[in-house]
Amino acid sequence: LTATLRPPRHRVSRRAIVYWTTRALAGWLALAIAQIVWLVADDSHSGLHVLGLVATAVLGAAHVTVMWRYEVHRWEAAPQAVYTRAGWLHQESRIAPISRIQTVDSERGPLEQLFGLANVTVTTASAAGPLEIEGLDRVTAQRLVDDLTTAAQATRGDAT
Amino acid sequence: VTEWQRLSQRMLLIHPVQEIPRALPALIGIFAAGSNSGNGALWALIGVAVPVGLGMTRWFTTRYRVTADRVEVRQGLFRRRLLAVSRDRLRTVDITAHALHRLLGLTRVTIGTGRSDREGDGSVRLDGLSVATAAALRDELLHRAGALASEQAATGDAAATTELARLDSRWVRYGPFTLSGVVAVGVLAGFAANLASEAHVDPTRSGPLRDVADHLEHAPLALAVAEVLVASMIAVAVASTVGYVLAFWDFRLTRHPGGTLHVTRGLITTRATTIEERRLHGVEISEPLLLRAVGGARCIAIATGLRVGRGAERGGSLLLPPAPAGEARRVGAAIIAADGPLTCTVVAHGQRARRRRYTRAVGGWALLAGALAATSALFGWPAWVWQASVVLLPAALALAADRYSSLGHAVAGGHLVTRTGSIVRRRSVLSSGGIIGWNVERSFFQRRAGLATLTATTAAGHQHYDVQDVALAEALTVAQELLPGPLEPFLERGQHGRR
């Protein structure tokens, strides 16, 4: 019998791609602007400066166009357990039974609100590995939080 | 609802004594200032009276009470606070008595809650109850009163408890190998050196130390280094042995019918820890390298609300001090009431896991040697600096070999057994009931080798217990055997067989 762990069923919202791209772009642009200011202010090593700027542009473009996160961020909530998977180079799958859930949080940053996205974090009594789902659309996130909270309440005990 | 109660009046004697060392720097300052202005005696009196008075207010302002479902403590004069802990969140009761406490028949009671495994602990501390009050409080809190306690009182306490382990004075021979004295010797040496340089006294100018210094100066370098090394080793060994005796003298581990384990120990400072067995999810046998070389091991509890690892001894999760390995396994087996998990052979993780151990050891060594070579070239250090690092290569290889031979896992008697480590080899035994969920980690290189790290998450002990570098299929088999529920919906079975 060979069993394998299949990937979780659901992807996060497609809007998360736009959000992540925007955020990555903003970061790289800030770096590029700093480099340009430095280039203008100090003209002694202009060759090195230009090289640095080109490196930033290439790396930034690669990061922004290749949005791996959407491919690898997956989640699923079955009646017994919640399952998340994240990471491209270092892949991590986390499974927590519904009966052991202690808290379910949903959280939105200012930029995420603009894109109508939310993050959901599920914690258990263990300090090792809360389950985090980033980039869900707001409606799905709300429904997930409600479902999990209701399901978790159905079990008794302090879940340790 | 019961009345608010005060701590023992005898604490009025202890608090001031505890406050004075803390106020010492300020006292010295006041004293110096006072003697300049002429009426030093008056100032000194004030300087002593203030901390003594403050110490006494601690007693006047602290009250506690135990209600049907909560333990409450009120504290503070200027900043009042009320600490309330729900009784069903209590995990441990720890009764410590320092020398001064013992002189007056007092103890300090620390009531541990589940949060004490993290840094800012939410534990309740009652410093200064009489021995009898403390024992009564412990029994009331952990044995849940009720029928059992009265039954126990009727049959007599001694008959109902079973002794699981007791210190054998021959175990003191493991003392030198615990290295617990390294810190003490280092601190003492540092303190002495600091004192000598502050007082502008060169200890090597006079007394017996002069002869030692003379001898070392005239001896060949290699001999001098060897002598100093041997001397410090002896100092550490002696300090470690003394530490062992101080901490573990009169050690006893007993099981009480109320469902608790009691650990009592200590020569000057005595300590009694009570652990609820329903919070206990397993045991860990830890063997630091030196202790392992002489066949010794320790046994540590894996329980919710108890710290493990470096602070294990202070956190109260120690179940057996360094003792013969067989004894540690026997005690562990008695606690979890199963022999298999502690004695069974563990499954090795195979060639690919072995290769990863060597890659890491040699890789780490290569990084170090490379960094040394690069800095030598940059700063013009002599070449022997990086050439000397070649000596470390055999050590790195030995470490890798030992790490692989330690690595293993097993499922026995409903427990997850993992064994890892070389500098400190640990065999962790975690009951399936204590496992919350599963994490499966696969790094890029692990995926190339078809391996995974299976992590059992838990609320007890280290919070997670890992099966490192195991074949993915084996990891899933282990997880399914122990706690199949949460995994089942996410498994896909190949053509080889459908259940």
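Residues numbered from 1 in each chain as written. Chains lettered and ligands numbered in written order. Predicted model: local features only at pLDDT ≥ 70, side-chain atom pairs only at ≥ 80, totals over all residues. Heavy atoms only, no water.

1. Some remarks on helix H14 (residues 350–379) of chain B
All names here are of chain B.
Step number 1: For H14, spanning 30 residues, the distance from its first C-alpha to its last is 44 Å, which sits close to the expected 44 Å at 1.5 Å a residue.
Step number 2: Three or more residues of H14 are buried, namely Ala353, Arg356, Arg357, Ala361, Trp365, Ala369 and Ser376.
Step number 3: On its buried face, H14 sits against helix H15 (384–388), helix H16 (392–406), helix H17 (444–448), strand E19 (451–458) and strand E20 (464–471).
Step number 4: Just beyond H14, the residue with positive phi is Gly380, at close to 65°. (Helix = DSSP H or I, 4+ residues; strand = E, 2+ residues; numbered from the N terminus. Expected span 1.5 Å × (residues − 1). Buried < 20%, exposed > 50% of the residue type's maximum accessible area, 1.4 Å probe, protein only. Contact = heavy atoms within 4.5 Å.)

2. Digging into the interface of chain A and chain B
Step number 1: Listed as interface residues are 31 residues of chain A and, on the opposing side, 35 residues of chain B.
Step number 2: Contact between chain A and chain B buries roughly 3,000 Å² in total, counting both sides, with carbon and sulfur atoms accounting for 56%.
Step number 3: Our count for the chain A to chain B interface comes out at 0 salt bridges.
Step number 4: Where chain A meets chain B, there are 14 residue pairs in polar contact (both at pLDDT 80 or more).
Step number 5: Those elements that provide at least two residues to the side of chain A that touches chain B are strand E1 (3–5), strand E4 (81–86) and strand E5 (91–97) of chain A.
Step number 6: Tallying contributions element by element places E5 of chain A first for the side of chain A that touches chain B, with 6 residues.
Step number 7: Note that E1 of chain A and strand E21 (residues 491–493) of chain B share 3 bridges and pair antiparallel. If you follow Ala3 of chain A over to E21 of chain B, its bridge partner there is Arg493 of chain B. (Buried area = accessible area lost by both parts, 1.4 Å probe. Salt bridge = Lys/Arg side-chain N within 4 Å of Asp/Glu carboxyl O. Polar contact = N/O pair within 3.5 Å; in protein donor to acceptor, adjacent residues only side chain to side chain. Pairing = 2+ DSSP bridges.)

3. Considering unusual backbone geometry
Residues and elements named next belong to chain B.
Step number 1: A positive phi angle is found at Asp250, which is not glycine, with a value near 65°.
Step number 2: Along the chain, Asp250 falls in the loop between helix H9 (221–248) and strand E9 (252–256).
Step number 3: Backbone geometry at Gln463 places phi at a positive 75°, although glycine is not the residue there.
Step number 4: Mapped onto the fold, Gln463 is located in the loop between E19 and E20.

4. Some words on the packing of aromatic side chains
Step number 1: Under the defined criterion, the tally for this structure stands at 5 aromatic pairs over all chains.
Step number 2: With 4.5 Å between their ring centres and 45° between their planes, Tyr83 of chain A and Phe490 of chain B make a pair best called tilted. A residue pair is termed interchain when its members come from two chains, as with Tyr83 of chain A in strand E4 and Phe490 of chain B in the loop between helix H18 (472–482) and E21. The two residues Tyr83 of chain A and Phe490 of chain B agree in class, both being buried.
Step number 3: Centroid distance Phe444 of chain B to Phe445 of chain B: 5.4 Å. Interplanar angle 70°. Geometry classified as edge-to-face.
Step number 4: We note Arg6 of chain B situated over the ring of Trp59 of chain B; from NZ or CZ to the ring centre the distance is 4.9 Å. (Phe/Tyr/Trp six-rings, centres within 6.5 Å; stacked < 30°, edge-to-face > 60°. Lys NZ or Arg CZ within 6 Å of the ring centre and 35° of its normal.)

5. Brief notes about the pattern of salt bridges
Step number 1: Tallying each qualifying case throughout the model produces 19 salt bridges over all chains.
Step number 2: Note that Arg170 of chain B is salt-bridged to Asp168 of chain B, the shortest N-O span being 2.6 Å.
Step number 3: Note that Glu276 of chain B and Arg278 of chain B form a salt bridge whose closest N and O atoms lie 3.1 Å from each other.
Step number 4: Judged by its relative accessible area of 3%, Glu276 of chain B is buried.
Step number 5: Where salt bridges share partners, they join Arg6, Arg9 and Glu76 of chain A into one cluster.

6. Here we look at the pairing of E5 of chain A
Step number 1: Among the 7 residues that make up E5 of chain A, 7 are buried, leaving the element largely enclosed by the rest of the structure.
Step number 2: Burial along E5 of chain A is two-sided: Gln91, Ser93, Ile95 and Pro97 of chain A facing one way and Glu92, Arg94 and Ala96 of chain A facing the other are all buried.
Step number 3: With 6 bridges connecting them, E4 of chain A and E5 of chain A associate as antiparallel partners. By the bridge assignment for E5 of chain A, Thr84 of chain A is matched with Arg94 of chain A.
Step number 4: Where E4 of chain A folds back onto E5 of chain A in an antiparallel hairpin, the turn is made up of 4 residues, including Gly87 of chain A, whose phi is positive at roughly 100°.
Step number 5: In the sheet, E5 of chain A pairs with strand E18 (residues 435–442) of chain B via 5 bridges, with the strands oriented antiparallel. Each residue of the ladder has a partner; that of Glu92 of chain A, found in E18 of chain B, is Glu441 of chain B.

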